[in-house]
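# Architecture and fold: a report
One letter stands for each residue in the lines below.
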Amino acid sequence: MAQSCVFAFCLVIATAAAFTIPTVTLKNAARADVEMPMLGLGTFGYGTTPEGQGGEYWNQSLGHNATLEWLKLGGRRIDSAHSYHTQLGVGQAIIDSGVIREDIFLLSKIPASGYNDTIQHFHEVLSNLSTTYVDAMLIHWPGPCSTKGLTPAQCRQQAWQAISDLYDQNLTRAIGVSNFESNHIEDLLELDGYVPAMNQIEFHCYWHEYSLKSWCNERNIHLQSYAPLGAPDHMAFYPTKWPTVIPDQPDVAAIAKKHNVTVGQTLCRWATQQDISINPRTYKSTHMLENLNSFEFDLTVEDIVTLDNLPNTPVAGKNKVCPDPHTIP
């Protein structure tokens, strides 16, 4: 069922196109003026080889070209991470685009590490992206810890203290987490410091944790989705697990036809209409334009219920693309 709006929204008009991109006001560990576009560009590929085994393979060149095209078309938010093989390309594309840095919302993620390692990873991200600050920095996963001798909980707390200190130094305009369940965030709240501004998680029609969304909403933690279309290029490599990828579901096509939009726009709107910002990954300008124009219609409550209950796979509860953070203590 559609969730109620709990965040303040405003509309900004992209200078390069006629579409409007809603923004969300980040709260908690975020500067008072931080407005984040609800739509961003994902820059991570699930492919494990240049030949595309496992899905699209993204390298520095593809990251550069996709980012440059995204900015050219009017997109202004970019999602990246320390572990992505695209950061150098993304950083160079921002320079090559001619778009002033202040007009771009640049988000990155670093691994859960001890305090000193977190500081080092943060500065490596700034160097890779050729920037002096990021608009949001997230702890990428609640574990395992990349620093020896720490439990996952100790690691999360040290990493959070480190990026909190960097936030105080104005090296990032907001801080948050990614792939965190409520118990992982509770470890951070025990520090009596900053509350995360956002939690970026896998969220799509085959995997939607509405209970976690409600928990975050109650604490003004914005929920952001990666793989909002379910990473169909990756799912297609595993037909036993996913006999039908989400965009190929007949119900999705029927709803798209009813609203005279594409299946991609339908799936994007399913998330954003429920106040969930998204990071669809694509290097194709046609898909970028579809995504940028996905806010011009509204789904009905019945549409959202249908999309929430698509026929999944024969393996109940095994529809997640990335590892399940519930297994991380």
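Notes on the structure in this doc start here. (Residues numbered from 1 in each chain as written. Predicted model: local features only at pLDDT ≥ 70, side-chain atom pairs only at ≥ 80, totals over all residues. Heavy atoms only, no water.)

### Points about the overall build of the protein chain
- A count of helices and strands for the protein chain gives 11 helices and 10 strands.
- The C-alpha atoms of the protein chain give 19 Å as radius of gyration, which agrees with the globular expectation for 329 residues (20 Å, within 12%).
- Its C-alpha atoms put the protein chain at 50 × 45 × 45 Å along the principal axes.
- Within the protein chain, the fraction of its 329 residues that count as buried is 56%.
- Contacts in the protein chain between residues far apart in sequence, at least 24 positions, make up 73% of those at least 6 positions apart.
- Just so you have it, the protein chain exposes about 13300 Å², and 54% of that area is on carbon and sulfur atoms.
- Across the protein chain, 20 positive and 33 negative side-chain charges occur, with their mean positions spaced 2 Å apart. (Helix = DSSP H or I, 4+ residues; strand = E, 2+ residues; numbered from the N terminus. Rg over C-alpha atoms; globule rule 2.2 N^0.38 Å. Buried < 20%, exposed > 50% of the residue type's maximum accessible area, 1.4 Å probe, protein only. Contact = heavy atoms within 4.5 Å. Areas by Shrake-Rupley, 256 points an atom, 1.4 Å probe, with all protein chains shown as cover. Lys, Arg positive; Asp, Glu negative; His and termini not counted. Charge placed at Lys NZ, Arg CZ, Asp CG, Glu CD.)

### Observations regarding the sheet that holds strand β9 (residues 222-226)
- In space, the seven strands of this open sheet follow the order β4-β5-β6-β7-β8-β9-β10, with parallel pairing throughout. Both outer strands of the open sheet, β4 (77-79) and β10 (277-279), are each paired with one neighbouring strand and no more. Ignoring which end each strand starts from, the neighbouring axes of this sheet average 25° apart.
- Two strands pair when backbone bridges link them, and strand β6 (residues 136-139) and strand β7 (residues 175-178) are joined in this way by three bridges, in the parallel orientation. The residue of β7 that forms the bridge with isoleucine 139 is valine 177.
- Across the sheet, helix α3 (residues 115-128) touches β5 (105-110) and β6, and the angle it forms with β5 is around 145°.
- Packed on one face of the sheet, helix α4 (residues 152-168) meets β5, β6 and β7 and runs near 150° to β7. (Pairing = 2+ DSSP bridges. Axes fitted to C-alpha atoms, helices over the stretch in contact; angles between N-to-C directions.)

### A few points about the packing of aromatic side chains
- Overall, the coordinates contain seven aromatic pairs when judged by the stated rule.
- Consider the rings of phenylalanine 44 and tyrosine 46, whose centres lie 5.2 Å apart with planes at 80°: the pair is edge-to-face.
- Using a relative accessible area of 32% as the deciding quantity, one classes phenylalanine 44 as partly exposed.
- The exposure class of tyrosine 46 is buried, given its relative accessible area of 13%.
- Taken together, Phe44, Tyr46 and Tyr84 form an aromatic cluster joined through their ring pairs.
- Its guanidinium or amino end placed over the ring of tyrosine 133, arginine 101 lies 4.1 Å from that ring's centre, counting from NZ or CZ.
- Note that arginine 219 overlies the ring of tryptophan 215, its terminal NZ or CZ placed 3.9 Å from the centroid. (Phe/Tyr/Trp six-rings, centres within 6.5 Å; stacked < 30°, edge-to-face > 60°. Lys NZ or Arg CZ within 6 Å of the ring centre and 35° of its normal.)

### Topic: the pattern of salt bridges
- Enumeration over the complete set of coordinates arrives at 11 salt bridges.
- Linking aspartate 135 and arginine 173 is a salt bridge whose minimum nitrogen-to-oxygen distance equals 2.8 Å. Placement of the pair is aspartate 135 in the loop between α3 and β6 and arginine 173 in the loop between α4 and β7, with a sequence separation of 38 residues.
- Exposure remark for aspartate 135: the relative accessible area of 1% places this residue in the buried category.
- Arginine 281 is the partner of aspartate 233 in a salt bridge, and the nearest nitrogen-oxygen pair spans 2.9 Å. (Salt bridge = Lys/Arg side-chain N within 4 Å of Asp/Glu carboxyl O.)

### What to know about the nonpolar core
- Of all hydrophobic cores here, the largest spans 92 residues; its most connected members are Leu26, Trp70, Ile78, Phe122, Trp270 and Leu307.
- For this core, the element with the highest residue contribution is α4, accounting for seven residues.
- Residues within four places of phenylalanine 122 in sequence aside, it is in contact with Ile110, Val134, Met137, Leu166, Leu171 and Thr172. (Core = buried A, V, L, I, M, F, W, Y, C linked by side-chain atoms within 4.5 Å.)

### A few points about the layout of surface pockets
- When its volume is computed, the largest pocket comes out at roughly 710 Å³.
- Secondary structure elements with two or more residues in the lining of the largest pocket: α7 (232-235), α9 (263-272) and α10 (285-292).
- Of the residues contributing to the lining of the largest pocket, the split by class is 16 nonpolar, 12 polar and seven charged. (1 Å grid on protein atoms, 1.4 Å probe; cavity = no way out; pocket = protein on both sides within 12 Å on 5 of 7 lines; lining within 4 Å. Points joined across faces, edges and corners; volume = space filled by probe spheres on them. Nonpolar A, V, L, I, M, F, W, Y, C, P; charged D, E, K, R; others polar.)

### Quick notes on the pairing of β7
- Every second residue of β7 is oriented toward a common face, with Ile175 and Val177 on one face and Gly176 and Ser178 on the other, all of them buried.
- The sheet contact formed by β7 and strand β8 (residues 198-202) spans two bridges and is parallel. Bridging across to β8, serine 178 finds its partner in glutamine 200.
- Handedness of the β-α-β unit built from β7, helix α5 (residues 182-189) and β8 comes out right-handed. (Right-handed = clockwise from strand over helix to strand, strands pointing away.)

### Comments concerning the state of the cysteines
- A complete count under the given rule lists one disulfide for this structure.
- One disulfide bridge connects cysteine 145 with cysteine 155, the sulfur atoms lying 2.3 Å from each other. An S-S torsion of about 75° defines the bridge between cysteine 145 and cysteine 155 as right-handed. Taken as a pair, cysteine 145 in the loop between β6 and α4 and cysteine 155 in helix α4 lie far apart in primary sequence, 10 residues in all.
- Counting only cysteine sulfurs, cysteine 205 is the nearest neighbor of cysteine 268, a cysteine outside any disulfide, at a range of 10 Å.
- For cysteine 268, a relative accessible area of 0% puts it in the buried group.
- Cysteine 205 supplies the cysteine sulfur nearest to cysteine 322, a cysteine that is in no disulfide, at a spacing of 17 Å. (Disulfide = S-S within 2.5 Å.)

Take it as geometry only, folks, not as evidence of what the structure does.
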